[in-house]
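Breakdown of the fold
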Amino acid sequence: MAKKYALIKKENCVACGACQNECPKEAVAVWKGCYAKTDLERCVGCGRCAKVCPAAAISIEKREVQA
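Below or above, wherever it landed, is the structure these notes cover. (Residues numbered from 1 in each chain as written. Predicted model: local features only at pLDDT ≥ 70, side-chain atom pairs only at ≥ 80, totals over all residues. Heavy atoms only, no water.)

Let us now look at the side chain of serine 59. With respect to the helices and strands, the residue serine 59 is situated in strand 4 (residues 58-62). A polar contact is formed between the side chain of serine 59 and the side chain of glutamate 61, at a distance of 2.8 Å. Among all residues touching serine 59, those that are not within four sequence positions of it are Tyr5, Ala6, Leu7 and Lys9. (Helix = DSSP H or I, 4+ residues; strand = E, 2+ residues; numbered from the N terminus. Polar contact = N/O pair within 3.5 Å; in protein donor to acceptor, adjacent residues only side chain to side chain. Contact = heavy atoms within 4.5 Å.)

Right, dumping it as structure tokens:
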């Protein structure tokens with residue numbers, strides 16, 4: 001599993017779909033036209049979605065290490 005992931009603040013998301021179109025792993029999708037969600041199993045934390053987000057609703061976070 002990747003060390004980072006995309007965290008989407010749904011209250012800031014404008015559901016434009018830019019992140020969904022940019023994601024190389026198809027890990028981001030706009031849910032019911034309301035806001036984008038990240039599939040944490042697919043997300044590799046590349047940051048491409050965060051770069052194209054016009055609302056700055058996406059940040060790249062470190063995953064918690066589980067023993």
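Among the nonpolar cores identified, the biggest contains 15 residues, and Ile8, Cys13, Cys19, Val28, Ala36 and Ile58 are the most heavily contacted of them. By residue number, the principal contributor to this core is strand 1 (residues 4-8), which donates three residues. Residue contacts for valine 28: discarding those within four places in its chain leaves Ile8, Cys19, Gln20, Cys23, Ala36, Lys37 and Thr38. (Core = buried A, V, L, I, M, F, W, Y, C linked by side-chain atoms within 4.5 Å. Buried < 20%, exposed > 50% of the residue type's maximum accessible area, 1.4 Å probe, protein only.)

Attention now goes to the environment of leucine 40. Along the chain, leucine 40 falls in the loop between strand 3 (35-38) and helix 2 (48-52). Note: C-alpha distance between leucine 40 and glutamate 11 (29 residues apart in sequence) is 19 Å. Discounting chain neighbours no more than four positions away, the residues touching leucine 40 are Tyr5 and Arg63.

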